[in-house]
Amino acid sequence: MPGNVRRGLVRPQAWSLRASDVVALLIGNAVLIAAMWVRHGGAGDLGSAAGLATGAGQLFALYGTYLVLIELVLMSRSPWLEQSFGMDRLAAAHRWVGFACVWLLVAHGVLTPVGYALGAGRSLPVEAWKLLTTYPFVLWATAGMTLFVAVAVSSMRAARRRLSYETWHGIHVYAYLAVALTFAHQLVVGADFADDPMARLYWIGLYALTVAAILVFRFGQPIRTSLRHRLRVANVVHEGPGVVSIYLAGRDLDQLAIRSGQYLVCRFLARDGWWRAHPFSISAAPNGEWLRLTVKDLGDDSARLQDVALGTAVYIEGPYGALTGARRTMERVLLVAGGIGITPLRALLEELPGRPGDLTLIYRARREADLVFRSEIDAIARLRGATVHYLVGPRGSWDLPAEPLGADSLSTLVPDVAERDVYLCGPRPMMDAVRRSLRLLGVSGEQVHSERFVY
Amino acid sequence: MPKRAIIAISATALALALLFSFKTPDVQVRSSIGVSNKAVGVVSGATAAPTRTATAQNDGATATRAPAATRAPAVTPAPAATAAPASGKLKNGTVTGPVVQTRFGPVQVEVTISGGKVADVTAVELPFDHPRSQEISDYAEPILRSEAVQAQSAEIDLVSGATYTSIAYGRSLQAALDQARG
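Residues numbered from 1 in each chain as written. Chains lettered and ligands numbered in written order. Predicted model: local features only at pLDDT ≥ 70, side-chain atom pairs only at ≥ 80, totals over all residues.

Chemist: Quick question: what am I supposed to make of the overall build of chain A here?
Modeler: Along the backbone of chain A there are 13 helices and 11 strands. C-alpha atoms of chain A, sized along the principal axes, occupy 80 × 50 × 40 Å. Put simply, 75% of the contacts in chain A that link residues at least 6 apart link residues at least 24 apart. (Helix = DSSP H or I, 4+ residues; strand = E, 2+ residues; numbered from the N terminus. Contact = placed C-beta atoms within 7 Å.)

In structure tokens form, the structure reads like this:
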């Protein structure tokens, strides 16, 4: 049986860029930057304190800026990156690289004035004042750096817990301003660019490519997709406590290149809430006529969506997500869902090709009421000959194994798990536990496919 | 939330307006000492010398570059010159060395010789295009000058942080001294 894939639906474009190409590109540029630093005398005088501070300050500035550009590309939602790495890994890298680049830039902001002051035999405050007031664009750069630091501080765990998503995101947007403010001083004052037209050209090129990626993928494509398909809320159905399905209708949906397991970042264009974008998996295989999103009230802004008005226009970014049939390596498949993590897996259960017996779903939920789509899932399972195991109840329930998703339990439920692809979606601790169990059962990392939503 | 956003955006716009209205002093002024030598040619003979020193100083006074005062050439650190001059055959007068190009700009020196000794070395031209070059030139020049007067030759130590300028300074000086030996 060929599965439930409808012919004629547009498939997402496959990019030929591989993860290894991306890594090679990153390393190549890093080496080039080091070479540039040496060529421009950055390493020329590391013996003296002044030369060491100046040289290191220059190197940190170069790499800090390089990381800033990488940071922007990571969040440009470029499909060629997303396809190889998945948005969750990109976001994790974005967090790590973000703190690294701010540290490097702060080091540059301290070391360079110190180096200049030592070299000229002036006190640091005098030198700093001279830099701010007589060096072109250094004041702008300092303002930009302050913004970078603000963005980093607002993203630290302690601050992030206290700030609302909106405030945090608002501060984050200032990073764009910081990038703009710090650009000019590099070309005019920077030891690497002020006197070397080739280096300047290369640097401007890096910036131009980065900006292009953002304009095209972060803004251009979503605007085009949204205008093309003009999605509107067609129906809202309550699925369970705090869970609704939102049906979206629009034009030419058979031309929207989306597949099961993927998600859309949606902005509901109502008077309140249009500024907030949410990622939502489609919870039914795309059929060319409508899309279904299923939303759980997480106590934040998503509560508003419980009663979104019919007809509300929806601006979409995406589709994104690599948790699709394209990842498949084996004939048989195990889907493991935790709670509302069922949404993409529900769509995959419908779409993934397979004969009777090839598909198995394990659906873990705290309470019976939290099992959404139960009747749908049962119907699909009957139709496709799929096996479904519901594991319901708090840990330690009398009718559950002690470790419901432990290795023992999994191998009992799915004895041939080592010969299956495993698609995994749910809360992080649950996914970690399943991954550990799968390792014990000899399932290789390449067989396990998962994606967390991180925005 | 939108109200707070509007306040934030207005505050940002105001801050940017203030930031953009700030202008750094124009640094694209050419070296104060280097202006007049253009007319003199690359290597000027000893005869041209006496007047040139004067014009150079005048230029220095009129140019807008603020820190020029630090290099006032009037106070010659008259050499203790216990060491014997290298090869004793220097002709009295003033000799201008060739312009030596560096990555950061041209370097050219002028040597004043009296009593067969190097009495003073003046930088006719040093890199001043960028504020950083200007800063390096400002602190390197007095050091290089006193080194040269002390050594009575072009064999001077490199000034840390001003490697390119030091090398070019030495080369221009060497050529000037060669010329003074005739």
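Okay, back to it.
Chemist: Could you clarify how one ought to interpret the interface of chain B and chain A in this entry?
Modeler: Note on interface size: it is often stated as the accessible area lost on association of the parts. Counting residues at the interface gives 18 residues for chain B and 24 residues for chain A. Residue assignment for the side of chain B that touches chain A shows that the elements contributing at least two residues are helix 1 (2-21) and helix 3 (131-151) of chain B. It is helix 3 of chain B that provides the largest number of residues to the side of chain B that touches chain A, a total of 4 residues. Classifying every residue of the side of chain B that touches chain A gives 10 nonpolar, 5 polar and 3 charged. (Nonpolar A, V, L, I, M, F, W, Y, C, P; charged D, E, K, R; others polar.)

Chemist: Where do I start with the nonpolar core in this structure?
Modeler: In globular proteins that are soluble, nonpolar side chains generally tend to be buried together. Membership of the largest hydrophobic core comes to 108 residues, with the highest contact counts inside it found for Leu335(A), Leu345(A), Leu349(A), Leu361(A) and Tyr423(A). For this core, the element with the most residues is helix 2 (residues 49-74) of chain A, which contributes 12 residues. If we skip the residues at most four places from it in the chain, Leu335(A) touches Leu345(A), Leu348(A), Leu349(A), Leu361(A) and Tyr423(A). Residues Val107(B), Leu126(B), Ala154(B) and Ala175(B) belong to the second largest nonpolar core, which totals 32 residues. (Core = buried A, V, L, I, M, F, W, Y, C linked by C-beta atoms within 7 Å. Buried ≥ 20, exposed ≤ 12 C-beta atoms within 10 Å, placed from the backbone.)

Chemist: Teacher, can you tell me more about the sheet that holds strand 2 (residues 243-249) of chain A here?
Modeler: Whenever strands of a sheet pair, they do so through backbone hydrogen bonds, lying parallel or antiparallel. Residues and elements named next belong to chain A. With respect to topology, 6 strands assemble into an open sheet ordered 4-3-6-1-2-5, the strand pairing being antiparallel. Two strands bound the open sheet, and with one partner strand each, they are strand 4 (278-281) and strand 5 (290-296). Direction aside, the axes of adjacent strands within the sheet are offset by 40° on average. Taken together, the 7 bridges between strand 1 (residues 231-240) and strand 2 define a ladder with antiparallel strand orientation. By the bridge assignment, Gly240 is partnered in strand 2 with Val243. (Pairing = 2+ DSSP bridges. Axes fitted to C-alpha atoms, helices over the stretch in contact; angles between N-to-C directions.)

Chemist: Hey, could you run me through the sheet that holds strand 10 (residues 420-425) of chain A in this one?
Modeler: All names here are of chain A. An order of 9-8-7-10-11 is seen for the 5 strands of this open sheet, with the pairing classed as parallel. At either margin of the open sheet sits one strand with a lone partner, and together these are strand 9 (387-392) and strand 11 (448-450). Averaged over neighbouring strand pairs, the angle between their axes works out to 15° when direction is ignored. In this structure, strand 8 (residues 359-365) lies alongside strand 9, joined through 6 bridges in parallel fashion.

Chemist: Would you mind going over unusual backbone geometry with me for this structure?
Modeler: Trans peptide bonds make up most of the peptide bonds, and negative phi angles are found at most residues other than glycine. Residues and elements named next belong to chain A. With an omega of 0°, the peptide bond between Gly318 and Pro319 qualifies as cis. Here Pro319 shows up in strand 6 (residues 313-320). Even without a glycine there, the phi angle at Arg77 is positive, about 55°. Inspection of the secondary structure assignment puts Arg77 in the loop between helix 2 and helix 3 (79-85). The class of Arg77 is buried, set by 22 C-beta atoms lying within 10 Å. Even without being glycine, Arg230 reaches a positive phi, approximately 40°. Along the chain, the position of Arg230 falls in the loop between helix 9 (197-229) and strand 1.

Chemist: Help me out: how do you make sense of helix 5 (residues 124-134) of chain A in this one?
Modeler: One turn of the α-helix equals 3.6 residues, which is why residues spaced by three or four share an orientation. All names here are of chain A. Of all the positions in helix 5, only Glu127, Ala128 and Leu131 are classed as buried. End-on view of helix 5: buried residues confined to an arc of 100°, all on one side of the axis. When the buried face of helix 5 is taken as reference, the exposed residues oriented beyond 90 degrees from it are Pro125, Val126 and Thr133. Its buried side turned inward, helix 5 meets helix 4 (87-120) and helix 6 (138-155). (Arc of directions from axis to C-beta.)

Chemist: Help me out: how do you make sense of the packing of helix 4 of chain A against helix 5 of chain A in this one?
Modeler: Helix-helix packing: each pair is described by the crossing angle between the helix axes and the interaxial distance. All names here are of chain A. In the contact formed by helix 4 and helix 5, the axes pass within 9 Å of each other and the chain directions differ by 115°. Relative to helix 5, the element helix 4 lies roughly perpendicular. Considering how the two elements wind past one another, helix 4 and helix 5 form a crossing that is right-handed. In this structure, helix 4 uses Pro113, Val114, Tyr116, Ala117 and Ala120 to contact helix 5, whose residues at the interface are Leu124, Glu127, Ala128 and Leu131. Here the contact of helix 4 with helix 5 is built from residues that sort into 8 nonpolar, no polar and 1 charged. (Parallel < 35°, antiparallel > 145°, perpendicular 65-115°, else oblique. Left-handed = near helix turned anticlockwise from the far one by under 90°.)

Chemist: Which parts of the structure should I look at to understand the confidence of the model for chain B?
Modeler: Interpretation of this model should avoid reading the predicted coordinates in detail wherever pLDDT is low. Residue and element names in this part refer to chain B. Counting all residues, the mean pLDDT for chain B is 69, and 64% of those residues have values of 70 or more. Counting interchain partners and residues more than four positions distant, the pLDDT-below-50 stretch residues 27-86 has 80 contacts. Here the predicted complex carries an ipTM of 0.71, next to a pTM of 0.74. (pLDDT = per-residue confidence, 0-100.)

Chemist: Mind showing me how you'd approach the packing of helix 2 of chain A against helix 4 of chain A here?
Modeler: Residue and element names in this part refer to chain A. At a minimum axis separation of 7 Å, helix 2 and helix 4 run at an interaxial angle of 155°. With respect to each other, helix 2 and helix 4 are oriented roughly antiparallel. For the crossing formed where helix 2 meets helix 4, the hand is left-handed.

Chemist: How should the pairing of strand 2 of chain A be read in this particular structure?
Modeler: Two faces belong to every sheet, and in a regular strand the side chains alternate between them. Residue and element names in this part refer to chain A. As consecutive antiparallel partners, strand 1 and strand 2 are separated by 2 residues, and within that stretch Gly242 has a phi angle of approximately 70°, a positive value. Inspection of the sheet shows strand 2 paired to strand 5 by 7 bridges, in the antiparallel sense. In the sheet register, Val244 faces strand 5, and the bridge partner there is Val295.

Chemist: I'm lost on helix 13 (residues 428-440) of chain A in this one. Help?
Modeler: Residues and elements named next belong to chain A. Taking 1.5 Å per residue, 13 residues should reach 18 Å; helix 13 reaches 19 Å between its end C-alpha atoms and fits that length. Of the positions making up helix 13, those classed as buried are Met431, Val434, Ser437 and Leu438. Looking straight down helix 13, one finds that the buried residues subtend no more than 125° of arc, so they occupy a single side. In helix 13, those exposed residues whose orientation departs by more than 90 degrees from the buried face are Arg428, Pro429 and Asp432. Turning to helix 13, the residues buried within the fold contact strand 7 (332-338), helix 12 (407-413), strand 10 and strand 11. Once helix 13 ends, the next one or two residues include Gly442, with phi positive near 80°. (Expected span 1.5 Å × (residues − 1).)

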